[in-house]
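Examination of the molecular architecture
So the chains spell out like this:
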Amino acid sequence: WRRVEDDVEGDLAYLQDALLDAAARHVRPGGLLVYSTCSLEPDENEERCASFVERSNGEFHLEPVPSGITNGAPIETLHPVPGVENCVFRSWPPQTGMDGAFAARLRRRSDAA
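What you are looking at is a predicted structure, and each value in this text was computed from that prediction instead of being measured. (Residues numbered from 1 in each chain as written. Predicted model: local features only at pLDDT ≥ 70, side-chain atom pairs only at ≥ 80, totals over all residues. Heavy atoms only, no water.)

For the coordinates displayed, the defined rule picks out two aromatic pairs. Taken together, a centroid distance of 6.3 Å and an interplanar angle of 70° make the contact between Y35 and F102 edge-to-face. On the criterion of sequence distance, the pair formed by Y35 in strand β1 (residues 32-37) and F102 in strand β4 (residues 101-108) is long-range, its members being 67 residues apart. A relative accessible area of 1% places F102 in the buried class. (Phe/Tyr/Trp six-rings, centres within 6.5 Å; stacked < 30°, edge-to-face > 60°. Helix = DSSP H or I, 4+ residues; strand = E, 2+ residues; numbered from the N terminus. Buried < 20%, exposed > 50% of the residue type's maximum accessible area, 1.4 Å probe, protein only.)

This part covers the pattern of salt bridges. Tallied over the full model, the rule gives seven salt bridges. Among the ionic pairs, D17 bridges to R48, the shortest N-O distance being 2.7 Å. Remark: R48 occurs in helix α2 (residues 46-55) and D17 occurs in helix α1 (residues 5-24); sequence separation between them is 31 residues. Taken as a pair, D17 and R48 share a single burial class, namely buried. Taking the shortest distance from any N to any O, the salt bridge between E63 and R107 comes out at 2.7 Å. You can see E63 sitting in strand β2 (residues 60-63) and its partner R107 sitting in strand β4, a full 44 residues away along the chain. Exposure remark for R107: the relative accessible area of 21% places this residue in the partly exposed category. Linked through salt bridges whose partners overlap, the residues forming this network are D17, D21, R48 and R55. (Salt bridge = Lys/Arg side-chain N within 4 Å of Asp/Glu carboxyl O.)

Now for the nonpolar core. One broad rule of soluble globular proteins: the nonpolar side chains tend to lie buried together. L33, F52, F60 and L106 are the most contacted members of the largest nonpolar core, which has 14 residues in total. Those elements that provide at least two residues to this core are α1, β1, α2, β2 and β4. The biggest single contributor to this core is β4, with three residues. Ignoring any residue separated from it by four or fewer positions in sequence, one finds L33 in contact with L20, A23, A24, V27, F52, F60, A104, R105 and L106. (Core = buried A, V, L, I, M, F, W, Y, C linked by side-chain atoms within 4.5 Å. Contact = heavy atoms within 4.5 Å.)

Turning our attention to the confidence of the model for the chain. Averaged over all residues, the pLDDT of the chain equals 80, while 73% of them reach at least 70. Across the chain, β1 holds the top mean pLDDT of 94, while helix α3 (residues 93-96) sits lowest at 76. (pLDDT = per-residue confidence, 0-100.)

Below, the structure is given as structure tokens:
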């Protein structure tokens, strides 16, 4: 992996925000946008979701992880971000035996224009 911390905090965060914003324009009212990465970095995950929800001005909200999705793995936010707790799935290799991954469900309001 050739990225350094400054890449994540600058260019990659900007790109991830732009991708989320672009995808959101194609979500129908009441629809679901799933944000997923193969990273465990909060800068690329929880912070991107919190920033997106804030930018959406109430048009999108994070949904709790559905029961059964985690197959018994704990749902945890390693670096808590307000409003994100219990609303993300993180595959933590030592606990799940799987590769590291992150996912969040972002629901668009059903009365959104």
